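Observations on the three-dimensional arrangement
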Amino acid sequence: MKRRIEIGILLSRSGGYSAISNAKYKGAMAAIAQVNQNPALAVELIPVERDPLGQIDLYAPLCTEILRDSEARHILGCVTSWSRKEVLPVLERAGAALWYAVPYEGFEASAHVVYMHACPNQHLLPLLDWAMPRFGQRMHLVASNYIWGWEINRLAREVVTTRGGEITGERHLSLGETGVDGMVEEIAAIRPDFVMNSLIGPSQYAFVAAMHERMPGVPILSCNLTECELPLMGAASDGLIAAGPYFHTPGAAFESSHEAAGHAAIMEMARLFDAHPGSERLSLAELLSLDANEGPIDPQTHHTSLPALIAQAEGGAFRVLHSLPARPGDPYLTRPDRSQTRQKLRLVT
Amino acid sequence: MSGQLRILDLAGAKAAILHRPHATAAAIERQLRAIGLSAETHWPELPDTLAVDFLFFDVDMGFDAQFPWPPGQSPMPMIALIGSEAPGRIEWSLSHGAHAQLLKPVGDNGVYSALLIARAAFQVRHGYTARIGELEGRLAARETVVRAVMTLVAQGMTDEDAFASLRRMATDRRESFEAVAARIIARHDTTKTNGGGR
């Protein structure tokens, strides 16, 4: 007889970043089915779903609703950092936990969050290490006017200028804005060695299309682009370069790192609940301390060890160009030489 | 203040928490370790051998004798841990040079911004202190400069040439204007003394 355990799913199935949410949802649901069918696991996971529709002000109330109306204390969800910051106070009050499985800008290590996807030492830094010797020292920054873009740009600027490189310009667009002509004309005039693209959603799609038209030779790099958004850009996505912990290869289980990370988060929840009966009611800190370092989650930072891959889009898929072994998440960039002993997170099952 | 915060150099930093054993101290320690700093907690006294880059100190129960340095002269950035927001206690924390503050109870966040703000404020204050010391030195040397110029003028220079000559010597010797002025006066006095003895 399996123990029935409710878990929350707080993902926007529609709205500007639904491609990402839906990839995560797909991975999570596949994992739940897998857990529930596995006779070796003593737990059955019951998803309690709420859909904030991509509207920022719905996250905190819907998170509260999950915690009030169900037994769930662990929630997989949120895509944007803004939504994560919205639910943090709710989680803290309830002693609940968010499993956040999206690449993000780092500089957070909440006691109430598990960070299952890459932070800058796992995406931006390896990407710059790889790009600067190949493309050159002159970097142009474009980003959505939002914390992801601000922080990626700030850090990219610090890293590149520290190494003697040059920032040829920095432009921001409001979320959802698709008027990219000024931005693209500026790049055409300046001709930087490469562009760091931290635009999200429709702004990114418009920018990529316009660059494909106007400046097809300039490398465009991204720290959060995955397969799930390539169909939204069509042929214009050819040549885009992205860093991430996973890219789909023929025959592999997941279509993107979002799907893989959603799946991995649920599988790790199930492993913890199965190994420690009753632990689904514990706080995240208690749960991890009970688990005594058996899993992939670092009990100090709540981040995971992830490989850093650099890949290029080609015909709607990514081809990996460069592959670095798993490295622990270092959200504050204070552990440059930390040993890489932690068991690596398995994104491939 | 100009320039950006340098975040990449927090690596390996150490912090001390001057607070009795308490959930607040534990919460700060957790955050410090998550950020990547090492943390040590002391109460009620700081060890003589204290060697840390940041100090969090309790304002509610703190007292002067806890610190092995005069008020306001901590060798590291100080972050005040404030429970009761009573003016007397806040004055006390200011007298010890709080560079940033955290309100109690401390929960899941706040330490990282306190570290960066305290470090920036500490550096600004240090910069001002050094600059004020330098300016006070220059003010005190006004008389020396005037006497040096008068000495050179007495030897036949115009006042403009005298100033230019001082400036050139300062550049050549990589000394301050005031130090060169003092040297000229000393040389002149020696000459006078020697001359008088003959």
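Residues numbered from 1 in each chain as written. Chains lettered and ligands numbered in written order. Predicted model: local features only at pLDDT ≥ 70, side-chain atom pairs only at ≥ 80, totals over all residues.

Per an unreviewed UniProt entry, chain B goes by ANTAR domain-containing protein and derives from Paracoccus aurantiacus.

Per an unreviewed UniProt entry, chain A carries the name Transporter substrate-binding protein and comes from Paracoccus aurantiacus.

Structural notes on the domain arrangement of chain B
Interface size is commonly expressed as the accessible surface area that is lost when the partners come together. Going by this rule: Delimitation of the domains relies on an automatic or database domain assignment.
Assigned domains of chain B: these are domain 1 (8-136) and domain 2 (141-197). Look at where the C-alpha atoms of domain 1 of chain B and domain 2 of chain B centre, and you get two points 47 Å apart.

Remarks on the interface of chain B and chain A
We count it as follows: Placing a C-beta atom from the backbone of each residue, one calls two residues in contact when those atoms lie within 7 Å. Numbered from the N terminus, helices here are DSSP runs of H or I no shorter than four residues, and strands are runs of E no shorter than two. Side-chain classes follow a simple rule in which Ala, Val, Leu, Ile, Met, Phe, Trp, Tyr, Cys and Pro form the nonpolar group, Asp, Glu, Lys and Arg form the charged group, and the remainder, Gly included, forms the polar group.
Each side of the interface is counted separately: chain B has 14 residues, and chain A has 15 residues. Looking at the side of chain B that touches chain A element by element, the count peaks at four residues for helix α1 (residues 23-35) of chain B. Split by residue class, the side of chain B that touches chain A holds seven nonpolar, four polar and three charged.

Observations concerning the pairing of strand β5 (residues 100-103) of chain B
Strand residues, when the strand is regular, have side chains that alternate between the two faces of the sheet. All names here are of chain B. Selection criterion: In this analysis, strands are considered paired if DSSP registers two or more bridges between them. Call a crossover right-handed when, viewed with both strands pointing away from you, the route from the first strand across the helix to the second goes clockwise.
By the bridge criterion, four bridges tie strand β4 (residues 78-82) to β5 in an arrangement that is parallel. Along β5, the bridge assignment pairs I82 with L103. Assessed by its sense of winding, the connection that carries the chain from β4 through helix α2 (residues 87-95) to β5 is right-handed.

Quick look at the nonpolar core
The condition is simple: By our criterion, buried Ala, Val, Leu, Ile, Met, Phe, Trp, Tyr and Cys residues that link up through C-beta atoms within 7 Å make up a nonpolar core. Between the buried cut of 20 or more and the exposed cut of 12 or fewer other C-beta atoms within 10 Å of a residue's own C-beta lies the partly exposed class, and all C-beta atoms are placed from the backbone.
Core analysis: the biggest nonpolar cluster contains 110 residues, and A:I75, A:W99, A:Y100 and A:I266 have the highest contact counts within it. A total of ten residues in this core trace back to one element, the largest contributor, which is helix α8 (residues 257-275) of chain A. Counting the residues that make up this core, at least three belong to each of domain 1 (3-117 + 250-304) and domain 2 (124-249 + 307-328) of chain A. Membership of the second largest hydrophobic core comes to 36 residues, among which are A:A109, B:I17, B:L37 and B:A80.

A word on helix α2 (residues 59-69) of chain A
Residue and element names in this part refer to chain A. Condition: Picture the helix axis, draw a direction to every C-beta atom, and the arc is the one those directions span.
All of the buried residues in α2 are Y59, L62, C63, I66 and L67. For α2, the angular spread of buried residues about the axis comes to 140 degrees, placing them on one side. Every exposed residue of α2 that faces more than 90 degrees away from the buried side is listed here: R68 and D69. Residues of α2 that are buried sit in contact with β1 (3-10), β2 (43-50), β3 (74-77) and α3 (81-94).

Here we look at the sheet that holds β5(B)
Residues and elements named next belong to chain B. Here is the rule: Lines fitted to C-alpha atoms define the axes here, with helix axes fitted over just the stretch in contact, and angles between the N-to-C directions of these axes take values from 0 to 180 degrees.
The strand order β2-β1-β3-β4-β5 describes an open sheet built from five strands, whose pairing is parallel. Only two strands of the sheet have a single neighbouring strand rather than two, namely β2 (38-42) and β5. Taking each pair of neighbouring strands and ignoring which way they run, the sheet shows an average axis angle of 20 degrees. Here strand β3 (residues 54-58) pairs with β4 via four bridges, running parallel. Paired with D58 across the two strands is L81, which belongs to β4. Lying on the sheet, helix α3 (residues 111-140) is in contact with β3, β4 and β5; it crosses β5 at an angle near 160 degrees.

Brief notes about the environment of A:L282
Residue and element names in this part refer to chain A. Relative to the assigned elements, L282 resides in the loop between α8 and α9 (284-291). It is 42 Å that separates the C-alpha atoms of L282 and A313, two residues lying 31 residues apart in sequence. Those residues within four positions of L282 in sequence are excluded, and the remaining contacts are L287 and L290.

Digging into the sheet that holds strand β11 (residues 305-314) of chain A
All names here are of chain A. As summarised here, the arrangement of the seven strands in space is β7-β6-β8-β9-β10-β11-β12, forming an open sheet in which the pairing is mixed. The two strands at the open ends of the sheet, each matched to only one other strand, are β7 (166-173) and β12 (317-328). Going from strand to strand, the sheet's axes swing by 20 degrees on average, the running direction of each strand aside. Here four bridges tie strand β10 (residues 241-244) to β11, and the two strands are oriented antiparallel to one another. Across the sheet, the residue bridging to A242 is A311, located in β11.

Here's the deal with the UniProt feature "domain: ANTAR" (unreviewed entry) in chain B
Filter applied, for reference: UniProt positions are given in the numbering used here, feature names are shortened, and annotations may be inferred rather than shown by experiment.
Taken from the UniProt record, the annotation "domain: ANTAR" (unreviewed entry) applies to residues 125-185 of chain B. Across residues 125-185 of chain B, helical content stands at 87% and strand content at 0%; the span's end C-alpha atoms are separated by 35 Å.

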